[in-house]
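Listed here are the chains, written in short residue letters.
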Amino acid sequence: LENALKIGGNVFVTKIKNYKPVVFNLHDLEKVSETAFWDMVREKFNNKNYDWIYIILEHIHNLFKNICPSRVEEFNEIIDIPFIKQQVEHDVYTNVQNLAYKLLEIVEDLQAAIHDKETKKLREQEFDLINLLYEIVSRSEDILQFILKFKK
């Protein structure tokens, strides 16, 4: 306030005092942002815009490679984004459900057995690609965080 008085006088000091601090919960903000992102992905997907799906698949691919580098070749075969893109563009890609469940199977292999019951529930739900991708990303990020903590 002393510096504000020197720079802008009493008017500037009064203006600063009238501002209210903005306080927010970082966790809540992250949740809102995450929900907005996945809502946008769903909307684009429903409008047959698959660009974000490819980006998410690339992210999943990178997560898998970081979690288990010894299986990179397997991950490259399963998540062959240029091939998937080419098939989608020519309207011949029919393996969406198979791909999603294969990615979920990889998550099951990589995660601790204690989470298998939760993953099994995902298989029993009605197929929803966006929700499944969200769960795969979320669980893979959790696995990677656990590994990084364990390494420390």
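Conventions used here
Residues numbered from 1 in each chain as written. Predicted model: local features only at pLDDT ≥ 70, side-chain atom pairs only at ≥ 80, totals over all residues. Heavy atoms only, no water. Core = buried A, V, L, I, M, F, W, Y, C linked by side-chain atoms within 4.5 Å. Buried < 20%, exposed > 50% of the residue type's maximum accessible area, 1.4 Å probe, protein only. Contact = heavy atoms within 4.5 Å. Phe/Tyr/Trp six-rings, centres within 6.5 Å; stacked < 30°, edge-to-face > 60°. Helix = DSSP H or I, 4+ residues; strand = E, 2+ residues; numbered from the N terminus. Salt bridge = Lys/Arg side-chain N within 4 Å of Asp/Glu carboxyl O. Expected span 1.5 Å × (residues − 1). Polar contact = N/O pair within 3.5 Å; in protein donor to acceptor, adjacent residues only side chain to side chain.

Considering the nonpolar core
Argument step 1. Membership of the largest hydrophobic core comes to 34 residues, with the highest contact counts inside it found for Leu-57, Ile-60, Phe-64, Ile-79, Leu-103, Leu-133 and Ile-136.
Argument step 2. The contact partners of Leu-103, leaving out residues within four places of it in the chain, are Leu-57, Ile-60, Phe-64, Ile-78, Ile-79, Leu-133 and Ile-136.

Some points on the packing of aromatic side chains
Argument step 1. One pass over the full model with this rule turns up seven aromatic pairs.
Argument step 2. Measuring from centroid to centroid gives 5.2 Å for Phe-37 and Trp-52, while their planes differ by 85°, and the two rings are edge-to-face. Here Trp-52 lies in helix H3 (residues 51–67) and Phe-37 lies in helix H2 (residues 26–46), a separation of 15 residues in the sequence.
Argument step 3. What makes Trp-52 partly exposed here is its relative accessible area of 29%.
Argument step 4. By way of ring pairs, the aromatic residues Phe-37, Trp-38, Trp-52 and Tyr-134 are connected into one cluster.

Things to note about the pattern of salt bridges
Argument step 1. Summed over all chains, the structure comprises nine salt bridges.
Argument step 2. Taking the shortest distance from any N to any O, the salt bridge between Asp-109 and Arg-71 comes out at 3.5 Å. Here Asp-109, found in helix H6 (residues 96–110), pairs with Arg-71, found in the loop between H3 and helix H4 (72–78); they are 38 residues apart in sequence, far enough to count as distant.
Argument step 3. Note that Glu-105 is salt-bridged to Lys-102, the shortest N-O span being 3.1 Å. Within this pair, Glu-105 and its partner Lys-102 are both found in helix H6, separated by three residues, close to a single helical turn.
Argument step 4. Taking the relative accessible area as the measure of exposure, Lys-102 reaches 29% and is therefore partly exposed.
Argument step 5. Linked by salt bridges that have partners in common, Arg-71, Glu-74 and Asp-109 make up one network.

What to know about H2
Argument step 1. Between its first and last C-alpha atoms H2 spans 30 Å; for 21 residues at 1.5 Å apiece the expected length is 30 Å, and the two agree.
Argument step 2. One side-chain oxygen at the N-terminal end of H2 lies 2.8 Å from the backbone nitrogen of His-27; it belongs to Asn-25.
Argument step 3. Trailing H2 by a residue or two, Lys-48 shows a phi angle of about 60°, which is positive.

Shape descriptors only; they carry no functional weight alone.
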